[in-house]
Amino acid sequence: MKKPVVKPQELTVEQRINNFAEVVSGYTEEEMLQEATRCIQCKNPKCISGCPVEINIKKFIYQLTQKDFKGAFETIYEKNRFPSICGRVCPAEYQCRKSCVFTPKNSPYASENAINIPLLERYVGDYARQHNLTLNLNFQPLTKNTTNYKVACIGSGPASITVAGELSAYGIQVDVFEALHTLGGVLSYGIPTFRLPRDVLHYEINLLTNYGVKFYTGVIVGRTISFYELKKTYDAIFIGTGAGAPTWLNIKGESLINIYSANEYLTRVNLMHADKFPQYHTPINVGKKIVVIGGGNTAMDAARVALRMQKINSINDGKVTVLYRRTELEMPARKVEIEHAKEEGVEFQFLVQPIEFIGDKDGKVMGIKCLRCELGEPDESGRRRPVPIKNSEFIIDTDLVIVAIGLQANQTLSNTVSELKTNKWGDIIVNPETMETSIENVYAGGDIVGGEGTIIEAMSMGKKAARSILQKFGLI
Ligand SMILES: Cc1cc2nc3c(=O)[nH]c(=O)nc-3n(C[C@H](O)[C@H](O)[C@H](O)COP(=O)(O)OP(=O)(O)OC[C@H]3O[C@@H](n4cnc5c(N)ncnc54)[C@H](O)[C@@H]3O)c2cc1C
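The structure displayed is predicted, hence computed values, not measured ones.

Peer 1: Teacher, can you tell me more about empty space enclosed by the protein here?
Peer 2: Empty space among the atoms can be located by rolling a probe the size of a water molecule over them. Tallied over the full model, the rule gives 4 cavities of 30 Å³ or more. Elements that contribute at least two residues to the lining of the largest cavity include exactly α4 (57-65) and α7 (117-130). Counting residues per element, the lining of the largest cavity draws most heavily on α7, at 3 residues. Among the residues making up the lining of the largest cavity, the classes are represented as 12 nonpolar, 2 polar and 1 charged.

Peer 1: What am I meant to see in the domain arrangement of the protein here?
Peer 2: By a frequent convention, interface size equals the accessible area lost on bringing the separate parts together. We note that the domain assignment places domain 1 (13-130), domain 2 (150-244 + 409-472) and domain 3 (246-407) within the protein. Its C-alpha centre places domain 2 at a distance of 30 Å from the equivalent point of domain 3. Here domain 2 packs against domain 3, burying approximately 1300 Å² in sum over the two surfaces, 53% of which is carbon and sulfur. Contact with domain 3 buries area across many residues of domain 2, yet Tyr189, Phe194 and Arg195 alone supply 43% of it, more than any other trio. Summed over the shared surface of domain 2 and domain 3, the number is 2 salt bridges. One salt bridge connects Arg195 with Glu337, and the closest N-O pair in it is separated by 3.5 Å. Here the residues of the side of domain 2 that touches domain 3 are counted per class, giving 6 nonpolar, 5 polar and 3 charged.

Peer 1: Explain the layout of surface pockets to me, please; I cannot follow it from the model alone.
Peer 2: By volume, the second largest pocket is sized at about 810 Å³. Along the walls of the second largest pocket sit 34 residues, with Glu10, Arg97, Asn116, Arg334 and Val336 positioned nearest its centre. Of all elements in the fold, only α6 (83-89), α7 and α14 (335-344) reach the threshold of two or more residues within the lining of the second largest pocket. Its residues assigned to classes, the lining of the second largest pocket shows 15 nonpolar, 4 polar and 15 charged. Here the lining of the second largest pocket spans two domains, since at least three of its residues come from each of domain 1 (13-130) and domain 3 (246-407).

Peer 1: What is the right way to read the site of the ligand from this model?
Peer 2: The immediate surroundings of the ligand are formed by 36 residues, with Val89, Glu178, Arg195, Val221 and Asp447 found nearest. One of the backbone N or O atoms of Val186 is found 3.0 Å from an oxygen atom in the ligand. At 2.9 Å, a backbone N or O of Val221 approaches a nitrogen atom of the ligand. Contact with the protein chains covers 97% of the free accessible surface of the ligand, which is 1000 Å². Every element with two or more residues in the shell around the ligand is listed here: α8 (158-168), β2 (173-178), α13 (297-312) and α16 (455-472). Take the shell around the ligand: its biggest share by element is 3 residues, from α13. Considering only residue class, the shell around the ligand consists of 18 nonpolar, 14 polar and 4 charged.

Peer 1: Sorry if this is basic, but what is going on with helix α5 (residues 69-77) here?
Peer 2: An α-helical turn contains 3.6 residues, so a residue and the one three or four places further along point in the same direction. In terms of burial, α5 is largely enclosed, as 7 of its 9 residues are buried. Along α5, the positions that sit buried rather than exposed are Phe69, Gly71, Ala72, Phe73, Thr75, Ile76 and Tyr77. Residues of α5 that are buried sit in contact with α2 (29-36), α4, α6 and α7.

Peer 1: Honestly, the packing of aromatic side chains in this entry has me stumped. Any pointers?
Peer 2: In this description, a pair of aromatic rings is defined by centroid distance and the angle of the planes. Throughout the structure, instances matching the rule amount to 12 aromatic pairs. Aromatic pair Tyr123 and Tyr127: ring centres 6.4 Å apart, planes at 25°, arrangement stacked. In this pair, Tyr123 and Tyr127 are both assigned in helix α7, 4 residues apart and thus about one turn of the helix distant. Relative to Phe473, the ring of Tyr149 has its centre 3.8 Å away and its plane inclined at 5°; by these criteria the two rings are stacked. Of this pair, Tyr149 sits in the loop between α7 and β1 (150-154) while Phe473 sits in the segment after α16, and the two are 324 residues apart along the sequence.

Peer 1: Looking at this structure, how should I read the nonpolar core?
Peer 2: If you look at soluble globular proteins, the nonpolar side chains tend to sit buried side by side. With 96 residues, the main nonpolar core has Ile57, Phe60, Leu64, Phe227 and Ile239 as its most contacted residues. In terms of residues, this core owes the most to one element, α16, which gives 8 residues. Both domains that meet at this core, namely domain 1 (13-130) and domain 2 (150-244 + 409-472), each give it at least three residues. When neighbours within four sequence positions are excluded, Leu64 is seen to be in contact with Met32, Leu33, Ala36, Phe69, Ala72, Leu120, Tyr123 and Val124. One finds Phe20, Ile290, Met300 and Val320 within the second-largest nonpolar core, a separate group that totals 33 residues.

Rules used in this analysis
- Residues numbered from 1 in each chain as written.
- Predicted model: local features only at pLDDT ≥ 70, side-chain atom pairs only at ≥ 80, totals over all residues.
- Heavy atoms only, no water.
- 1 Å grid on protein atoms, 1.4 Å probe; cavity = no way out; pocket = protein on both sides within 12 Å on 5 of 7 lines; lining within 4 Å.
- Points joined across faces, edges and corners; volume = space filled by probe spheres on them.
- Helix = DSSP H or I, 4+ residues; strand = E, 2+ residues; numbered from the N terminus.
- Nonpolar A, V, L, I, M, F, W, Y, C, P; charged D, E, K, R; others polar.
- Domains from an automatic or database assignment.
- Buried area = accessible area lost by both parts, 1.4 Å probe.
- Salt bridge = Lys/Arg side-chain N within 4 Å of Asp/Glu carboxyl O.
- Near = heavy atom within 4 Å.
- Polar contact = N/O pair within 3.5 Å; in protein donor to acceptor, adjacent residues only side chain to side chain.
- Areas by Shrake-Rupley, 256 points an atom, 1.4 Å probe, with all protein chains shown as cover.
- Buried < 20%, exposed > 50% of the residue type's maximum accessible area, 1.4 Å probe, protein only.
- Contact = heavy atoms within 4.5 Å.
- Phe/Tyr/Trp six-rings, centres within 6.5 Å; stacked < 30°, edge-to-face > 60°.
- Core = buried A, V, L, I, M, F, W, Y, C linked by side-chain atoms within 4.5 Å.

Below you can see the structure in the form of structure tokens.
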């Protein structure tokens, strides 16, 4: 009989809800071996094409069964320089695990018994970090910056750091310019530490400095320095500025006090340490009846952070409720995040659409007027559309709202470069084959091109852009 998937250890709910410690532990060596040996080494493995950056999953899992950790690291690193990051946050249930032979055909997401590829990848990344594995990959130059080419990357999210990794490996000098004081984009300001500890994130980004990549933080291209200055200095530019602007519901009362966008809320805690106020200078308001609106990863992160903020502030009779217009089945958030949120005590109300925020005499939010919905025909995303039910109005009491219904292009840069073509949402238009923009030798990728996507998709676009740049330079 097929052995079941090896489940990782997790902190108990009591151990996790009043702090930001990582919830899911990695496999022990014994657990890793048990899981790796479940892989049947398919003759034609589908998991590899299920991975947007096409890691040779079959090979690295085999290397793990042989305890060839350096070999496994090299196999992954050849395609992905961020195994500890991706092993923690990749939505593998819709990607490699969904393509695993243990997932039934046509299943919308991975079966529970699909090989736990991300946890095996995380094992390799964590092992490499803990054992300081050095690399000697055959595609890397022996010395730094062996060509005279210079490339600038704007933004330091997954798309840009992938470009930096790929190009520096070919001896190109890469300089990364980041607006914030910390590197990583959403990985740093959006995803909470209980999902992605910052030592893991910074270790993998900092490895790039071994290949000569230079990072400049606190530099807003388009404000601190102009795009045209960069254009004069660099042979090519990659724009990976992400989708950092919030989407609002645009309903009455949305500017009331204590209504945050998820981005602001998460940035205050994850980046500015509002959980440690006044030791750090950024405060945050903590409600007792917090409502999070949305059904994606951002909503789950906001809800779980909000819950911890209540506990840290000794609000033990507080409540965090997620409102979503569709049902749980249509929620875009990762299943594991929904499960963790539920375990931790986050409540859910499905088929609910907010139509107005109600304020008190001081201008603070005190309620949300909502309509009940039912599911109609599928929309362009393939998910069944929420249809509001007439006369179904009701009010939810609240004292703090976090709006997490999506993000859109950060246009700080594109607004200053008239030749850069964008679509009606502000996304930069690229040639999808090369990722080149309307300006020659200027490339773009990640969420600034495709809207809100995933980390590995941003990395995949970064790889495509890097390939085009290498071809342009005649290096491949
Ligand atoms: C809260 C949250 C949770 C998520 N969880 C997951 C998850 O679990 N799994 C998953 O796969 N995906 C997840 N995503 C989506 C994923 O994080 C993004 O798709 C990915 O980070 C996009 O990468 P990027 O490189 O395009 O941009 P970003 O990560 O957005 O990085 C862009 C960077 O560019 C900088 N920048 C912008 N303008 C300028 C400028 N003018 N000059 C200099 N720098 C600039 C920004 O400060 C930012 O640091 C999540 C997103 C959010 C918001």
